[in-house]
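Take a look at the letters that make up each chain.
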Amino acid sequence: MLTTEQLAAIAALRDKTVPGPWGVIRIDIEEGVTSFLIADSNDDRVASVDVVHEGDAEALAGAEADAHFIAEAHTIVGLLLDEVTELRAKLARTPTPRRRTWGDRLRPRNRADT
């Protein structure tokens, strides 16, 4: 389980990035060389995934998948941080049920308890 400090560090990393959402723009630079630009909503470059695929469809598809993952992760990390925060707050408000122990089983019970 992530600590509160780890979650805060993840949030701090996210907060330092260019605001999203991010998208992917494909640019075929030359034959066998493609760049997938990760861009913000103004189409300003945030990062890129470049691949020299030389016609290798699998390499090209892998690079494109990587670029889309990076672009979507920007938004997804924020959603996951919000979800973890909300679930932890909900858990903190939930009373812990009393667990029965072996001692409970050994105590004589009233007939009214059964």
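What counts and what doesn't
Residues numbered from 1 in each chain as written. Predicted model: local features only at pLDDT ≥ 70, side-chain atom pairs only at ≥ 80, totals over all residues. Heavy atoms only, no water. Core = buried A, V, L, I, M, F, W, Y, C linked by side-chain atoms within 4.5 Å. Buried < 20%, exposed > 50% of the residue type's maximum accessible area, 1.4 Å probe, protein only. Helix = DSSP H or I, 4+ residues; strand = E, 2+ residues; numbered from the N terminus. Contact = heavy atoms within 4.5 Å. Salt bridge = Lys/Arg side-chain N within 4 Å of Asp/Glu carboxyl O. Axes fitted to C-alpha atoms, helices over the stretch in contact; angles between N-to-C directions. Parallel < 35°, antiparallel > 145°, perpendicular 65-115°, else oblique. Left-handed = near helix turned anticlockwise from the far one by under 90°. Nonpolar A, V, L, I, M, F, W, Y, C, P; charged D, E, K, R; others polar.

Undergrad: What is the right way to look at the nonpolar core in this model?
TA: In a soluble, globular protein the nonpolar side chains are often hidden away together inside. Grouped together as the largest cluster of nonpolar side chains are 9 residues: W22, F36, I38, V49, V51, L60, A63, A67 and A71. When residues of this core are traced back to their parent elements, those giving at least two are β2 (33-39), β3 (45-52) and α2 (57-93). Among the elements that line this core, the one with the most residues is α2, at 4 residues. Sequence-distant contacts of V49, that is, excluding residues within four places in its chain, are made with T34, S35, F36, I38, A63, D66, A67 and I70.

Undergrad: Please clarify how the pattern of salt bridges should be interpreted in this entry.
TA: Side chains bearing opposite charge may pair, as long as their charged atoms lie close to each other. In the structure shown here, the tally under the stated rule is 2 salt bridges. The shortest N-O distance in the salt bridge between R14 and D15 comes to 2.9 Å. A relative accessible area of 25% places R14 in the partly exposed class. The exposed category is assigned to D15, whose relative accessible area is 56%. A salt bridge links D28 to R26; the shortest N-O distance between them is 3.1 Å.

Undergrad: Which parts of the structure should I look at to understand unusual backbone geometry?
TA: Glycine aside, the phi torsion of most residues is negative, and most peptide linkages are trans. Here G20 and P21 are connected by a cis peptide whose omega angle stands at 5 degrees. Here D43, not a glycine, exhibits a phi torsion of approximately 65 degrees, which is positive. Checked against the element boundaries, D43 lands in the loop between β2 and β3. In this model, E54 sits at a positive phi of 45 degrees, which is unusual for a non-glycine residue. If you trace the backbone, E54 turns up in the loop between β3 and α2.

Undergrad: What should I look at first to understand the packing of helix α1 (residues 4-15) against α2 in this one?
TA: The geometry of a pair of packed helices is captured by two quantities: the angle between their axes and the separation between those axes. At a minimum axis separation of 10 Å, α1 and α2 run at an interaxial angle of 150 degrees. Judged by the inter-axis angle, α1 sits roughly antiparallel to α2. Here the hand of the crossing between α1 and α2 comes out left-handed. Contacts from T4, L7, I10, A11 and R14 in α1 reach V77, G78, L81, V84 and R88 in α2. Of the residues belonging to the contact of α1 with α2, the class tally is 6 nonpolar, 2 polar and 2 charged.

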